[in-house]
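# Close look at the chain arrangement
Each chain, letter by letter, is given below.
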Amino acid sequence: MNRIAAKVARGEKTDTAQLLGRAGMACYALVHLILAYLALRVAFGSGGQPDQKGALQEVGSTAFGQVLLWVLAAGLVAFGLWQFLMAATGYTWTSGGKRTRKRFGAAARGIVVLAIGATAFRLAAGQGGGGSSDQTQQEFTAKLLQLPAGPALVVAAAAIVLGVAVAAGVKGVKQTFLEDLDLAGLPGKTRRWVGWLGSTGYLAKAVVFAVTAFLLGYAGFRSDAKQAGGLDASLKTLAAQPFGAVLLTVVALGLAAFGVYCLAAAWAHRR
């Protein structure tokens, strides 16, 4: 096992793995920037599907975009695999429980990013890419509700998502994400913005996760899978609130900030 771990660690630190992983993180940044654009469209009443699939469809809406979609799909897969390598042997600049939490977070991020990458490949190949985030969430909720104590399981799942929201919010406030960056590798004028962009981005994601948790919990209490929703429903729920256009615009700008932060992180992430 030690030999395997050593080989994985060497693989994670190779220039090739670093280059592919960082290029993939830039692709992840692009997805968030397009999500922000779609959220702004919803805020100003233009409609659309503001989720990961909607963002990928937006990319592939032109002939050049179809080519870019293949590149984006490959980059997302590379980023997802890099996250698994980080989960296996990364974050050596921390220790103890903090390192364990970061590695678990990298594994979860890897799963999510690989799923987005798979959707991108299906869209690029003309296979539709599956349902929206709302449809996927509702199908997942319906399966949970069919199990013994199904409503309680859905509420428990909502509590987990709420925990993710709280973790994202704490990360944004405490700026613990800066521990993973080598700020000396960034231009001087850029460094002062990285913390602000990351904090704004993580707080925006915390809001979205919190709304998703609310919708999922409500579906559990009502035993109605149709009440659940993914990113699409979460953003549209924000838009439906009093001053919703303003609130959704703020969240959209936060998602854009996270995308720009990811570009800086792709450049300056520690090895």
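Everything here concerns the structure above.
The notes below deal with the structure included here. (Residues numbered from 1 in each chain as written. Predicted model: local features only at pLDDT ≥ 70, side-chain atom pairs only at ≥ 80, totals over all residues. Heavy atoms only, no water.)

## Structural notes on the overall build of the chain
Selection criterion: Strands are runs of DSSP state E lasting at least 2 residues, helices are runs of H or I lasting at least 4, and numbering of each runs from the N terminus. When we talk radius of gyration, it's over C-alpha atoms, and the globule rule is simply 2.2 Å times the number of residues to the 0.38. Residue burial is assigned from relative accessible area. The probe radius is 1.4 Å, only protein chains are included, and a residue is buried under 20% of its type maximum, exposed over 50%, and partly exposed in between. Throughout, a contact is declared for two residues whenever any of their heavy atoms are within 4.5 Å.
Helix and strand content of the chain: 10 helices and zero strands. Mapped in sequence order, the helices and strands of the chain form the string α-α-α-α-α-α-α-α-α-α. For a compact globule of 271 residues, the expected C-alpha radius of gyration is about 18 Å, and the chain comes in at 19 Å, within 12% of that figure. Reported as C-alpha extents along the three principal axes, the dimensions of the chain are approximately 50 × 45 × 40 Å. Residues counted as buried form 45% of the 271 residues belonging to the chain. For the chain, long-range pairs separated by at least 24 residues make up 71% of all intrachain contacts whose partners lie at least 6 apart in sequence.

## Describing the packing of aromatic side chains
To keep it simple, the criterion reads: Working definition: rings of Phe, Tyr and Trp (its six-membered ring) pair if their centres are within 6.5 Å, and the pair is stacked with planes under 30 degrees apart, edge-to-face with planes over 60 apart, and tilted otherwise.
Throughout the structure, instances matching the rule amount to 12 aromatic pairs. For the ring pair Tyr28 and Phe258, a centre distance of 6.5 Å and an interplane angle of 80° mean the geometry is edge-to-face. Of this pair, Tyr28 sits in helix H2 (residues 15-43) while Phe258 sits in helix H10 (residues 244-268), and the two are 230 residues apart along the sequence. Phe258 matches Tyr28 in its accessibility class, with the two residues each being buried. In this structure an aromatic cluster arises from ring pairing among Tyr28, Phe79, Trp82, Phe177, Tyr202, Phe258 and Tyr261.

## Observations regarding helix H9 (residues 231-239)
For H9, the complete set of buried residues consists of Leu231, Asp232, Ala233, Ser234, Leu235 and Leu238. Looking at the buried side of H9, the elements it contacts are H2, helix H3 (52-59), helix H6 (133-145), helix H8 (188-222) and H10.

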